[in-house]
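# Observations on the model geometry
Next come the chains, spelled out residue by residue.
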Number of protein chains: 2
Amino acid sequence: MSKLVVSTFTISLDGYAAGVGQRQDAPFGDGADHLHDWMTSTRAFHETHGLEGGVESPDDKWVRGAVGHFGATIMGRNMFSASRGPWEDLSWTGWWGDNPPYHNDVFVMTHHPRPSFELEGGNAFHFVDGSPAEVLELARAAAGGKDVHLAGGAATIRQYLAAGLVDDMRLAISPVLVGAGERLFDGLDTLPSAYRVAEQVSTAAATHVHIVRR
Amino acid sequence: MSKLVVSTFTISLDGYAAGVGQRQDAPFGDGADHLHDWMTSTRAFHETHGLEGGVESPDDKWVRGAVGHFGATIMGRNMFSASRGPWEDLSWTGWWGDNPPYHNDVFVMTHHPRPSFELEGGNAFHFVDGSPAEVLELARAAAGGKDVHLAGGAATIRQYLAAGLVDDMRLAISPVLVGAGERLFDGLDTLPSAYRVAEQVSTAAATHVHIVRR
């Protein structure tokens, strides 16, 4: 069966996946500017985003693990857009330009209906209202036997962790302090009984953590 | 001037320095049994606690950094005792037996007065009611020019961080999940403006983080 996988999701040393004040020109809010430097600096990130350059690094393999082999993607509304509530600006198609890095069917969890749309590179965005298990079922059906990527953000991953639906999670801890914002680990008191840390290893740029089911 | 230093303080991957339900037979509460394995398994821990054995490990140096060269210690009431409120059992002299690993004057922050006492190995415990800055002044006077060790727990370190009084902090992130409990990083939104991460490096047993002033 295809797995539900978190990959390259990044938290700060003090535990935040995003700062406060997400807005169109600051997708991760205040104080989180350097949270993803470990990733965006790599050769692998540049390659997978169709960019020139980047530095070959031990972090490359952690980036490559997150792209190219997933059959579908799940994300929360707040990862797709800084807006909240009913969709008012249908010209907003996400933060990722004309050719997002997903290249599969992306299921955006929202209570507010919006028509699906397609972008370049096999990216199709669908807006779905349902429980984590129901949305996972949709994503699995679209994934054609491949694994499903649970992209984020923190609140969405928390829901899937609480429901015990995540099969495999690779996190990065970035050596930065954010101070306030959205935590990944919050209200997950049943987590230790269901999951364990299989590996924790540092590069110069980040600590990579692999969390698996017990 | 002598520095105020945090050293070997340990948090779980999900950010907890202790679980819930601290009590006399569980100083770190529930779910935190393996939080300090990285430390207690080392040769250095055994040596500094007068024990035989322990494994030589890259973690040794992070343990040795925490002992032997401090002139005084500060800790919170909840690190000294599982009891709360006025002192009812004066026979309780801490978790550390007849010869605690501090070997200097230990200032326990509490609103409830209690007479000082001495144990073996140069350990003297004093119970002081004052602001973080006032208690630091007492500890510095006792330290004779040496650095002062801010031992814990999380709530006490948070107070000193919020007041900008910590000079140097070495944390360990243990590859365990605790699920719920006492966080180190909580309500510290001014932290990023005052401190930065100078180093983050993993061993097989823990990730060691060195936090310094900007």
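Think of each chain on its own: its residues are numbered from 1, step by step along the sequence as written. Here the convention is simple: chains get letters from A, ligands get numbers from 1, in the order in which they are written. This being a predicted model, a pLDDT of at least 70 is required before a residue's local features are given, and a value of 80 or more before pairs of side-chain atoms are given or counted; all residues contribute to the totals for chains, interfaces and linings. Side-chain measures here rest on the full set of heavy atoms in the structure, leaving out hydrogens and waters.

### Observations concerning the UniProt feature "domain: Bacterial bifunctional deaminase-reductase C-terminal" (unreviewed entry) in chain A
UniProt positions are given in the numbering used here, feature names are shortened, and annotations may be inferred rather than shown by experiment. Mapped onto the present numbering, the UniProt feature "domain: Bacterial bifunctional deaminase-reductase C-terminal" (unreviewed entry) falls at residues 5-190 of chain A. Each helix corresponds to a stretch of at least 4 residues labelled H or I by DSSP, and each strand to a stretch of at least 2 residues labelled E; elements are numbered beginning at the N terminus. Structurally, residues 5-190 of chain A is divided into 22% helix and 24% strand, and its ends, taken at the C-alpha atoms, are 19 Å apart.

### Some remarks on the interface of chain B and chain A
A common way to state how big an interface is: give the accessible area lost once the parts meet. Taken together, the 29 residues of chain B in the interface contact 29 residues of chain A. Two parts placed together each lose some accessible area; with a 1.4 Å probe, that loss summed over both constitutes the buried area. Taken over both partners, the interface formed by chain B and chain A buries close to 2100 Å², and the fraction arising from carbon and sulfur atoms is 63%. Of all residues in chain B, L13(B), L177(B) and Q200(B) bury the most surface against chain A, accounting for 31% of the area lost on that side. Think of a salt bridge as a Lys or Arg side-chain nitrogen and an Asp or Glu carboxyl oxygen that are within 4 Å of each other. Viewed at the interface, chain A and chain B are joined by 2 salt bridges. The salt bridge partner of R183(A) is D186(B), with a shortest N-O separation of 2.9 Å. Each polar contact in these results corresponds to two N or O atoms within 3.5 Å; when the atoms are within protein, one needs to be able to donate a hydrogen and the other to accept it, and residues that are neighboring in sequence are counted only if both atoms are side-chain atoms. At the junction of chain B and chain A, the tally comes to 9 residue pairs in polar contact (both at pLDDT 80 or more). When contributions to the side of chain B that touches chain A are tallied by element, the ones reaching two or more residues are β8 (168-174), α7 (191-194), β10 (195-202) and β11 (207-213) of chain B. With 6 residues, β10(B) is the largest single contributor of residues to the side of chain B that touches chain A. Throughout this entry, Asp, Glu, Lys and Arg are counted as charged residues, while Ala, Val, Leu, Ile, Met, Phe, Trp, Tyr, Cys and Pro are counted as nonpolar. The remaining residues, Gly among them, count as polar. The residue inventory of the side of chain B that touches chain A, partitioned by class, reads 18 nonpolar, 6 polar and 5 charged. Residues count as neighbours in contact if any of their non-hydrogen atoms are within 4.5 Å of one another.

### Here we look at helix α5 (residues 132-143) of chain A
All names here are of chain A. Multiply 1.5 Å by the residue count of a helix minus one, and that product is the helix's expected span. With 12 residues, α5 should cover 16 Å at 1.5 Å per step; its first-to-last C-alpha distance of 16 Å lies within 8% of that length. Within the sequence span of α5, burial applies to P132, V135, L136, A139 and A143. Looking straight down α5, one finds that the buried residues subtend no more than 100° of arc, so they occupy a single side. Exposed residues lying more than 90 degrees from the buried face of α5 are E137 and A141. Here the buried face of α5 lies against β1 (4-12), β3 (70-76), β4 (105-109), β6 (124-128), β7 (147-152) and α6 (154-162). Buried means the residue's accessible area, taken with a 1.4 Å probe over protein chains only, is under 20% of the maximum for its type, while exposed means over 50%, and partly exposed covers the values in between. The directions considered for the arc run from the helix axis to the C-beta atoms.

### A few points about the relation of the copies chain B and chain A
The least-squares superposition of copies is restricted to C-alpha atoms, and to residues with a pLDDT of at least 70 in both copies. With an RMSD of 0.0 Å, the operation that places chain B on chain A is a rotation of 180° combined with a shift of 0.0 Å along the axis. Here the two chains are linked by the operation of a two-fold rotation axis. For chain B, the residue whose C-alpha comes nearest the rotation axis is S202(B), separated from it by 2.5 Å. Both copies present the same face, since 100% of the interface residues in chain B are matched by interface residues at the equivalent positions in chain A.

### Brief notes about the pairing of β3(A)
Residue and element names in this part refer to chain A. By the criterion of burial, β3 is predominantly enclosed, with 7 of the 7 residues buried. Strand pairing follows a simple DSSP-based rule, namely that at least 2 bridges must link the two strands. Of the strand pairs in this sheet, β3 and β7 are connected by 5 bridges, and their pairing is parallel. The partner of T73 across the bridge, within β7, is H149. For β3 and β4, the ladder comprises 5 bridges, and the chain directions are parallel.

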